[in-house]
Amino acid sequence: MSRKVLLVEDDQRVRRVLRLALQDEGYQVLEAATGCVGFEQARADPVDVVLLDLMLPDLDGFEVCRQLRRHSSVPIIMVTARTDSHDVVAGLEAGADDYVTKPLVAKELSARIRALLRRSEASAAHPHHVVVGDLDISLDAGTVTRDGQVLGLTRTEFRLLLELLNADGQVCSREHLLERVWEYGYFGDSRIVDVHIRRLRKKVERDPATPRHVVTARGLGYRLAG
Amino acid sequence: MRSAGGRRWGIGLRDRVTLTFGLLALVLSGLLAVVVGVLVSHYLLDQRQTSAVYETSLNASILRQALAQDRSDVADVLSGVPGNDRTSSLLTFDGAWYTTAVTAGPGALPAELVDLVRAGRPASQRIEVGGAPFLAVGMPVGEHSRDAYFELFSLAQLNSTFHVLSVTLVVAAVVTAAVGLVVGRFASRRALRPLTDLTIAAAAVAGGDLHARLVTDRHDPDLGRLAASFNRTAAALERRVQADIRFAGDVSHELRTPLTTMLNSMALVQNRRAELPPDLVEPIDLLADDLDRFRRLVIDLLEISRDADTADGVDRETANIGDLVRHAADAVAGRPVTTVDDDAVRATLMVDKRRLERVVANLVANADTHGGGCIGVRVHRTQTGVAIVVDDAGPGVAPQHRERIFERFGRGRNGGDERGVGLGLAIVERHVRWHHGTVTVVGRPGGGARFVVELPGPGAG
């Protein structure tokens, strides 16, 4: 069965051409011209990936992202105009999993989508339970619970936690995490890792300001502690 | 635009002002010295002459009276005449000459002087006796108009006074001229200080620092106007450059959307390449090629126009420079080209990895595309940080093009008719400058070009 992509983009021509190109890559494409429509559509008809333009006429991309995150852990790829603007960090903070920059080509987009979906499935392949400190990590369900409460991690956040777990307490460099979780090479944007680590801490740490589980190794990267 | 006007004459404005001051002082003090010298020497000589004439006439009247009483021994009468500073007296009486001195005989007196006095008129004349200067004064004596009395006064002392005076005046003139030079130097430095400030500010603007301005709160309205005018020019230039950059950025920004449509449509067409009618394959390929160039140009334009948006330090992280260069250079070259010196293996700097990657990638791509192929990238430590050296096998870059090659669309190489030189090296220059480093191109020993990026920092690993 083909993967379903929701394309939230206000420019009709870009929407049309991306639909055609993604369909050519084998995806089923749903379209939304505004943030509100996109949000409603995502709630009504669950999709595998959301492709979200940040510049939307009504509800802007950041807001759509935040609202979607309240209900769903669906992978979100945001489309930004510039890589060095604050948009990237703001979009990631709002809950996006990754970003692409215009002019974007369907092949690159397809590679990003595949990377996001591949890691989402990978977590289901290990039917184990691991306990780290006060965290109970269920590998088969892809969930983390603390005191019996499920912490709503997105798939990407969960996969990031899994990578740190696999390192067995050793330090993981940003480059390593970028490659393993997002399938980026050496020059991937390490801000993606940093923002995801922040998001992860908000969920798994009792006090995100003084993290006990996801610890920073200054200048080197991150490691998981019990 | 550079002017060599000042240099062509070999003498700068400051030197010219100094020299003018010095020359003016020399001319004025020289003129003063000459006037003083002439007036003083005339006055002294006049004084001397007046007193000599007075003394001689006094002695002549004494002599006249003595001779009127006793004519038996004229020589004795002559020696009885008082005389202090006079060297010798001569008397011609009844056709015979008498004298008190051995050195000066009647032959020492000029004939015209003797004739004048014998004709009954007192007279004086400067003469030389045995190389020494004298003033000869003659007075008629007795009833015989043929009788005459002469006295010789030495002018040696007066001459030595003149000598001391002239030496003093010459020294005074030279000292005044020297003081004039010093004052000129000081004045020119003071007066030209705004020019020095202007030169520094103009050089800063030319060097790319468009924020350079002059201080305008001067009391001097002329200099204030100059500074204000310079500042207006610099501000206008800065606005213009920023507007240009913003315009390029805005245009590229607007091109993103149609470019997305075109690139993806083209990808769809190319996915069905096999189904295309044979005579459409070539035009479609041409279109695809140029579309790709267009995409790269837009990406480069966006890259170069957005530098101003990012504050320094925001994107910096610690990176091992050797690793970074190896990743970027080898990936672009498609083969291992990087050598990291032993001393640089552990060198780390705070850099923006993405920008530095573009620097290395663009230099290697430039070497491969325009430099006959990249033949090596080397990373080594320098005294001030780390250097990245990219060598190529091309014809090199002529010295006169070595600055221009880093300008936007600066076409320095090989007569400049190549395509694609465009923005790659300009981006390199901007990104290196963003890191407070420098990039230069030199000749590689053995031919080809060598691009050297020097990044400052401790570099300690």
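On a predicted model such as this, the values are computed, not experimentally measured, just so you know.

Parameters and conventions
Throughout this description, residue numbers start from 1 for each chain and increase along the sequence as written. Think of it this way: whatever chain is written first is A, whatever ligand is written first is 1, and the rest follow in order. Residues qualify for local features only when their pLDDT is at least 70, as the model is predicted, and side-chain atom pairs are given and counted only at 80 or more; totals for whole chains, interfaces and linings, by contrast, use all residues. Numbered from the N terminus, helices here are DSSP runs of H or I no shorter than four residues, and strands are runs of E no shorter than two. Buried means a residue has 20 or more other C-beta atoms within 10 Å of its own C-beta, exposed means 12 or fewer, and partly exposed covers the counts in between; C-beta atoms are placed from the backbone. Note on contacts: each residue gets a C-beta atom placed from the backbone, and two residues are in contact if those atoms are within 7 Å. Summary of the metric used: pLDDT quantifies the predictor's per-residue confidence within the range 0 to 100. The arc under discussion is defined with respect to the helix axis, by the directions toward the C-beta atoms. Under the grouping applied here, Gly and all other residues not named as nonpolar or charged are polar, the nonpolar ones being Ala, Val, Leu, Ile, Met, Phe, Trp, Tyr, Cys and Pro and the charged ones Asp, Glu, Lys and Arg. Here the rule is simple: two strands pair whenever DSSP picks up at least two bridges between them. As a rule, the C-alpha atoms of each element are fitted with a line to give its axis, helices using only the stretch in contact, and angles between N-to-C directions run from 0 to 180 degrees. By definition, a nonpolar core groups buried Ala, Val, Leu, Ile, Met, Phe, Trp, Tyr and Cys residues that are joined through C-beta atoms within 7 Å. Each residue after the first adds 1.5 Å to the expected span of a helix. Note that the term roughly parallel is reserved for angles under 35 degrees, roughly antiparallel for angles over 145, roughly perpendicular for angles of 65 to 115, and oblique for everything else. If you view the pair so one helix is near and one far, a crossing is left-handed when the near helix is turned anticlockwise from the far one by less than a right angle, and right-handed when it is turned clockwise.

J.: Let's hear about the overall build of chain B: which residues, and what values?
T.: Within chain B one finds 10 helices and 12 strands. Among the 461 residues that make up chain B, the fraction classed as buried is 30%. Taking the intrachain contacts of chain B between residues at least 6 apart in sequence as the baseline, contacts between residues at least 24 apart amount to 60%.

J.: Lay out the overall build of chain A with the relevant residues and their values.
T.: A tally of helices and strands in chain A yields eight helices and 11 strands. With 226 residues in all, chain A has 42% of them scored as buried. Across chain A, the fraction of contacts at a sequence separation of at least 24, relative to all contacts at a separation of at least 6, is 55%.

J.: Which residues make up unusual backbone geometry, and what values go with them?
T.: Glycine aside, residues mostly have negative phi angles, and peptide bonds mostly take the trans form. All names here are of chain A. The omega torsion across Lys102 and Pro103 is 0°, close enough to zero to call that bond cis. Within the secondary structure layout, Pro103 lies in the loop between β5 (98-101) and α5 (106-122). For Asp147, which is not glycine, the phi dihedral falls at a positive 50°. By the secondary structure assignment, Asp147 is in the loop between β8 (143-146) and β9 (149-151). The phi angle at Asp168 is positive, at roughly 60°, despite the residue not being glycine. Within the fold, Asp168 resides in the loop between α6 (155-166) and α7 (174-182). For Asp168, a count of 8 C-beta atoms within 10 Å gives the class exposed.

J.: Any details on the confidence of the model for chain B? Residues and values, ideally.
T.: Residues and elements named next belong to chain B. Looking at chain B as a whole, its pLDDT mean stands at 83, while 90% of the residues score no less than 70. Within the model, the stretch residues 1-8 combines pLDDT values under 50 with two contacts to residues more than four positions away or in other chains. Segment residues 414-420: pLDDT under 50, and five contacts once partners within four positions in sequence are set aside and those in other chains are kept. Here the prediction assigns the complex a pTM of 0.65, and the interface score ipTM is 0.85.

J.: I'd love a proper account of helix α2 (residues 35-44) of chain A, names of residues and values included.
T.: Residues and elements named next belong to chain A. Burial in α2 covers these residues: Gly35, Gly38, Phe39 and Ala42. Taken down its axis, α2 places every buried residue within 100° of arc, on the same side. Those residues of α2 that are exposed and aimed more than 90 degrees away from the buried face are Glu40 and Ala44. Turning to α2, the residues buried within the fold contact β1 (4-8), β2 (28-32), β3 (49-53) and α3 (61-71).

J.: Could you give an account of the interface of chain A and chain B, naming the residues involved and the relevant values?
T.: At the junction of the two partners, chain A supplies 21 residues and chain B supplies 24 residues. Counting residues per element, the ones that place at least two in the side of chain A that touches chain B are α1 (12-24) and α5 of chain A. If one sorts the elements of the side of chain A that touches chain B by residue count, α1(A) sits on top with seven residues. Its residues placed into classes, the side of chain A that touches chain B shows 12 nonpolar, two polar and seven charged.

J.: Please provide a residue-by-residue account of the sheet that holds β8(A), values included.
T.: All names here are of chain A. Pairing in this open sheet of four strands is antiparallel, and the strands run β6-β7-β8-β9 from one edge to the other. Two strands close off the open sheet at either side, each with one partner strand: β6 (129-132) and β9. Going across the sheet, the axis of each strand differs from the next one's by a mean of 30°, ignoring polarity. Here β8 pairs with β9 via three bridges, running antiparallel. The residue bridging Arg146 from the neighbouring strand is Gln149, located in β9.

J.: Any details on the nonpolar core? Residues and values, ideally.
T.: Residue and element names in this part refer to chain A. Counting 61 residues, the largest nonpolar core has Val5, Val50, Leu51 and Leu52 as its most contacted members. Ranked by residue count, the leading element in this core is helix α8 (residues 191-204), at six residues. Apart from residues no more than four positions distant in its own chain, Val50 is found in contact with Leu6, Val8, Ala42, Leu68, Val74 and Ile76.

J.: Describe the environment of B:Gly396, listing the residues and the values that go with them.
T.: Residues and elements named next belong to chain B. For Gly396, the location among the structural elements is in the loop between β10 (385-392) and α10 (424-434). Once the C-alpha coordinates of Gly396 and His370 are considered, the two residues, 26 residues apart in sequence, prove to be 9.8 Å apart. Once residues lying within four places of it in the same chain are set aside, the contact partners of Gly396 are Gly443, Gly447, Gly448 and Ala449.

J.: Give me the lowdown on helix α9 (residues 353-370) of chain B, citing residues and values where you can.
T.: Over its 18 residues, α9(B) extends 25 Å from the first C-alpha to the last, a length consistent with the 26 Å expected when each residue adds 1.5 Å. Downstream of α9(B) by one or two residues, B:Gly372 has phi in the positive range, about 70°.

J.: Talk me through the pairing of strand β3 (residues 123-129) of chain B; I want residue IDs and the actual numbers.
T.: All names here are of chain B. With seven bridges connecting them, β3 and strand β4 (residues 132-140) associate as antiparallel partners. Within β4, the position partnered with Arg126 by the bridge is Leu135. Hairpin connection, β3 to β4: the antiparallel pair is bridged by two residues, and Gly130 has positive phi, about 55°.

J.: Residue-level account of the packing of α1(A) against helix α6 (residues 221-271) of chain B, with values.
T.: One way to put it is that α1(A) packs onto α6(B) with a least axis distance of 9 Å and a crossing angle of 30°. One element, α1(A), and the other, α6(B), form an angle in the roughly parallel class. When the axes of α1(A) and α6(B) are compared, the crossing they make is left-handed. For the pair α1(A) and α6(B), the contacting residues are A:Arg13, A:Val14, A:Val17, A:Leu18, A:Leu20, A:Ala21 and A:Asp24 in the first and B:Thr257, B:Thr260, B:Thr261, B:Asn264, B:Ser265, B:Ala267, B:Leu268 and B:Asn271 in the second. Residue composition of the contact of α1(A) with α6(B), grouped by class: seven nonpolar, six polar and two charged.

J.: An account of the sheet that holds β2(A) is needed here, citing residue identities and associated values.
T.: Residues and elements named next belong to chain A. A sheet is described by the order of its strands in space; here five strands give the open sequence β2-β1-β3-β4-β5, paired in parallel fashion. The sheet is open, and its two edges are formed by β2 and β5, each paired on a single side. Direction aside, neighbouring strands of the sheet carry axes that sit 20° apart on average. Across the sheet, α2 touches β1, β2 and β3, and the angle it forms with β1 is around 160°.

J.: Kindly report on the environment of A:Gly142, identifying the contributing residues and their values.
T.: All names here are of chain A. Checked against the element boundaries, Gly142 lands in the loop between β7 (135-138) and β8. According to the C-beta neighbour criterion, Gly142 is buried, with 20 such atoms within 10 Å. Along the primary structure Gly142 and His128 are separated by 14 residues, whereas in three dimensions their C-alpha atoms are 9.8 Å apart.

J.: Provide a residue-level description of the pairing of strand β11 (residues 438-443) of chain B, including the pertinent values.
T.: Residue and element names in this part refer to chain B. Two strands pair when backbone bridges link them, and β11 and strand β12 (residues 449-456) are joined in this way by six bridges, in the antiparallel orientation. Counted as the bridge partner of Thr440 is Val452 from β12. In this structure, the hairpin formed by β11 and β12 is closed by a connection of five residues, where Gly446 is found at a positive phi of approximately 100°.

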